[in-house]
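One-letter residues, chain by chain:
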Amino acid sequence: MSESGARPLRVILACDFFVRYSARLAAGMVEQGADVMLLTRDHDLEFGGVPGSADAFVQDAVGRRVTHLRLPGRVRSPQGLREMLRLRRRIRDFDADVVHVQSSILNDPRLAYAVGLRRREFALTTHNPSPHPGESPTRIDRLANDLLAKTAGLIFVHGEALRAELAGEVTTRAPVVVVPHGVDPVKPLPRAPDPSILFFGRIERYKGLDVLLDAMPAVWEDLPAATLMIAGRGSLPDHPALADPRVQVHNDYVDDDRVEGLFQAASCVALPYVKASQSGVGSLAKRYGRPLVVTSVGALPELVADGSGLIADPGDCEGLARQITAVLQDSELAERLGEAGVSSASNGSSWGGVAELTLRAYREYLPVPGGAPAAARSKSSE
C-alpha cells in the first residue's frame, strides 16, 4: 500500500522486442511501489536466439515480484488465437490502471488485443522515432507505428532531440515526455592497464564503424599500442584496418556473461554513430565507469551532458581520433569522465529513477487513480 493508504498503481507493460528495457523498467516500478504485469512474445530473438534466454533474463530482472505472461504461437494459428484470448482474460482480471506498450508491439497485433488498448488511454515508449539508415520498414510497419503514436494518450522518448524528431515524423495529440534510458546498478571497474577502445553491440551501417576504422591510423600515430575491440553481430565493412593485429573482432552475439569482461578490458567506449536515437551501450558504459566518445547525433549529446564523455562531429574521423586519443592519453580526464557516468547512473538514470519519472507522468497525463483531474490533464497536454 502507498503512504496515503491507496492500493498500488497497477501497470501492465507489453512488448514484442525491447524485453530488456521492459523487464528492467518493471523492476524499477516495483521498487517504486507499483504492481506490475509483463506481457512478451515467447521468442528469444533479442537474445541471440538462445532458447530460454529471454525468460532467464526476465526472471533475473524481476523474479517473483512481477507476473510474466508469454504469448506463444503464430498470429493466425488457431493455437495462437486461443492463447491470445486466454491471456486477455488473465489481463482483465489484473484490472490494470495503466497499459504501457513499447514501439513495434504491432509486429504481433495479438499483443495489442490481449492488453486491450484504448484510444488516448495507453502509454507508448518510442525508442527510434524515425528509421535508421539501412533500415527499410514496410508501408504497413510505418502505418502501424503512426497509428500507435496518433492514438496513444502519453508518449515517452529518451531525449529532447528525439521529441523533436518524433514531431517531424508524425502528428500526435499526446504529450511527449522525456525519460532517460535506465542504467543497471553501477559496478565501476578498475581502469584497463593498456589503451583500448571498445565498439560494442549490433553492427549496423548507421553506427559508423567505418568512421571509427578510418580514425584508427591517427590514433595509432600517437598511441601505437592502442587496440580496438569490435564485439557484436552484423555485417563488417570492407576496411583495411580490420587486417591490423591491433583490431580484434568478435562478430557474433555476445552473451550477457561476457559483457562485463569486454568493458573491463576497455579504456573507453566509442559510439561513432552517423545517425542515432539513443544508446543502451552508452548506459552500459556509465554503469561500468567507462568514459564515452560519442558523435553529435540524436540524443547522444544528452547522454554525455552529465560529463561522462567527449563529443565529435558525425563522420569526422579526424575529430573522432582526437577525442579518443585525448581520453586514452589523459588518465585524469578518463577517470573524471568515468566517475561522472557512475554518478549519473546512480541517480537520475537508475531504473528506479526512470520508473519514478514514468509513474509521475502516468498520474499527470493519464486517467489513473490519484492522478490529475481531467481538466488539468487536458490543459497540460495542449
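Details of the structure are given in the entry above.
Remember, it's a predicted structure, so these values are computed and weren't measured experimentally. (Residues numbered from 1 in each chain as written. Predicted model: local features only at pLDDT ≥ 70, side-chain atom pairs only at ≥ 80, totals over all residues. Heavy atoms only, no water.)

Chemist: Before we move on, could you go through unusual backbone geometry and cite the residues and values that matter?
Modeler: Both trends apply: most residues other than glycine have a negative phi, and most peptide bonds are in trans. Although it is not a glycine, S104 sits at a positive phi angle of roughly 80 degrees. Positionally, S104 belongs in the loop between strand 4 (98-102) and helix 4 (109-115). Relative accessible area serves as the criterion here: at 17%, S104 is assigned to the buried category. The phi torsion at R120 lies on the positive side, around 70 degrees, for a residue other than glycine. Mapping R120 onto the fold places it in the loop between helix 4 and strand 5 (123-125). (Helix = DSSP H or I, 4+ residues; strand = E, 2+ residues; numbered from the N terminus. Buried < 20%, exposed > 50% of the residue type's maximum accessible area, 1.4 Å probe, protein only.)

Chemist: Just give me the short version of the layout of surface pockets, but keep the residues and values in it.
Modeler: Gaps left between atoms show up when a probe the size of a water molecule is rolled over them. In this structure, the second largest pocket spans a volume of roughly 440 Å³. Lining the second largest pocket are 19 residues; nearest its centre among them are A96, V99, V115, G116 and R118. The set of elements that each furnish at least two residues to the lining of the second largest pocket consists of helix 3 (78-94), strand 4 and helix 4. Among the elements that make up the lining of the second largest pocket, the one with the highest residue count is helix 3 (three residues). Here the residues of the lining of the second largest pocket are counted per class, giving twelve nonpolar, one polar and six charged. (1 Å grid on protein atoms, 1.4 Å probe; cavity = no way out; pocket = protein on both sides within 12 Å on 5 of 7 lines; lining within 4 Å. Points joined across faces, edges and corners; volume = space filled by probe spheres on them. Nonpolar A, V, L, I, M, F, W, Y, C, P; charged D, E, K, R; others polar.)

Chemist: With reference to specific residues and values, describe the environment of A167.
Modeler: Inspection of the secondary structure assignment puts A167 in helix 6 (residues 160-169). On the accessibility criterion, A167 (56% relative accessible area) is exposed. Through-space distance from the C-alpha of A167 to that of P129 is 8.7 Å; in sequence the pair is 38 residues apart.

Chemist: If you had to explain the nonpolar core to someone new, which residues and values would you point to?
Modeler: The biggest cluster of nonpolar side chains holds 37 residues, and the ones touching the most others in it are L13, M29, L154 and Y362. Looking at which element gives the most residues to this core, the answer is helix 1 (residues 19-31), with eight residues. (Core = buried A, V, L, I, M, F, W, Y, C linked by side-chain atoms within 4.5 Å.)

Chemist: For the sheet that holds strand 1 (residues 10-15), give the residues involved together with the corresponding values.
Modeler: Reading across the sheet, the seven strands line up as 3-2-1-4-5-6-7 and stay open at both edges, with parallel pairing between neighbours. Each having just a single partner strand, strand 3 (67-71) and strand 7 (176-178) make up the two edges of the open sheet. Neighbour to neighbour, the strand axes of the sheet diverge by 20 degrees on average, direction disregarded. Strand direction decides the pairing type here: strand 1 and strand 2 (residues 35-41), joined by six bridges, are parallel. Residue pairing across strands places V11 opposite V36, the latter belonging to strand 2. This element, helix 3, spans strand 1, strand 2 and strand 3 of the sheet and lies at about 155 degrees to strand 3. (Pairing = 2+ DSSP bridges. Axes fitted to C-alpha atoms, helices over the stretch in contact; angles between N-to-C directions. Contact = heavy atoms within 4.5 Å.)

Chemist: So what's going on with a negative patch on the surface? Residues and values would help.
Modeler: A cluster of like negative charges, contributed by D330, E332, E335 and E339, occupies part of the molecular surface. As for its placement among the helices and strands, D330 is situated in the loop between helix 11 (317-329) and helix 12 (331-346). (Patch = residues over 30% accessible without salt bridge, like charges linked within 9 Å, V, L, I, M, F, W, Y side chains within 5 Å. Areas by Shrake-Rupley, 256 points an atom, 1.4 Å probe, with all protein chains shown as cover. Salt bridge = Lys/Arg side-chain N within 4 Å of Asp/Glu carboxyl O. Lys, Arg positive; Asp, Glu negative; His and termini not counted. Charge placed at Lys NZ, Arg CZ, Asp CG, Glu CD.)

Chemist: Which residues make up the packing of aromatic side chains, and what values go with them?
Modeler: Within the structure shown, the criterion is met by six aromatic pairs. Ring geometry for F156 versus Y362: centroids 6.2 Å apart, planes at 70 degrees, classification edge-to-face. Residue F156 is found in strand 6 (residues 154-157), and its partner Y362 is found in helix 13 (residues 351-365); the two are separated by 206 residues along the sequence. For F156, a relative accessible area of 0% translates into the label buried. Under the relative-accessibility criterion, Y362 is labelled buried at 0%. Taking 5.9 Å as the distance between ring centres and 80 degrees as the angle between the ring planes, the aromatic pair formed by Y206 and Y273 counts as edge-to-face. Highlighted residues: Y206 in the loop between strand 8 (196-200) and helix 7 (209-222) and Y273 in the loop between strand 11 (268-271) and helix 9 (280-287), separated in sequence by 67 residues. Taking the relative accessible area as the measure of exposure, Y206 reaches 6% and is therefore buried. Among the aromatic residues, ring-to-ring pairing joins F200, F263 and Y288 into one connected group. One residue, R88, lies across the ring of Y113, its end atom 4.2 Å from the ring centre. (Phe/Tyr/Trp six-rings, centres within 6.5 Å; stacked < 30°, edge-to-face > 60°. Lys NZ or Arg CZ within 6 Å of the ring centre and 35° of its normal.)

Chemist: Mind laying out the sheet that holds strand 10 (residues 247-250), listing which residues take part and the relevant values?
Modeler: Strand order in the open sheet formed by six strands is 10-9-8-11-12-13, and the pairing between neighbours is parallel. With partners counted over all chains shown, the strands left at the sheet margins are strand 10 and strand 13 (309-312), one partner each. Taking each pair of neighbouring strands and ignoring which way they run, the sheet shows an average axis angle of 20 degrees. Two elements, strand 8 and strand 11, share two bridges in a ladder whose sense is parallel. Along strand 11, the bridge assignment pairs L198 with V269. The strands that helix 9 touches are strand 8, strand 11 and strand 12 (292-295); relative to strand 11, the one it contacts most, it runs at about 165 degrees.

Chemist: Explain the side chain of S279 to me, and be specific about the residues and the numbers.
Modeler: With respect to the helices, strands and loops of the structure, S279 is situated in the loop between strand 11 and helix 9. Overall, the relative accessible area of 5% leaves S279 in the buried class. A polar contact of 3.2 Å, which involves the side chain of S279, links it to the backbone nitrogen of V281. (Polar contact = N/O pair within 3.5 Å; in protein donor to acceptor, adjacent residues only side chain to side chain.)

Chemist: Just give me the short version of the pattern of salt bridges, but keep the residues and values in it.
Modeler: Under the definition given, this model contains 16 salt bridges. Residues R20 and D256 are paired through a salt bridge, measuring 3.1 Å at the closest nitrogen-oxygen approach. With a gap of 236 residues between them, R20 in helix 1 and D256 in helix 8 (residues 256-264) connect regions that are remote in the sequence. Judged by its relative accessible area of 39%, D256 is partly exposed. A salt bridge links D55 to R70; the shortest N-O distance between them is 2.8 Å. Of the two residues, D55 sits in helix 2 (residues 53-62) while R70 sits in strand 3, which places them 15 residues apart along the sequence. For R70, a relative accessible area of 32% puts it in the partly exposed group. Several salt bridges converge on common partners, so that one network encompasses D16, R41, D108 and R110.

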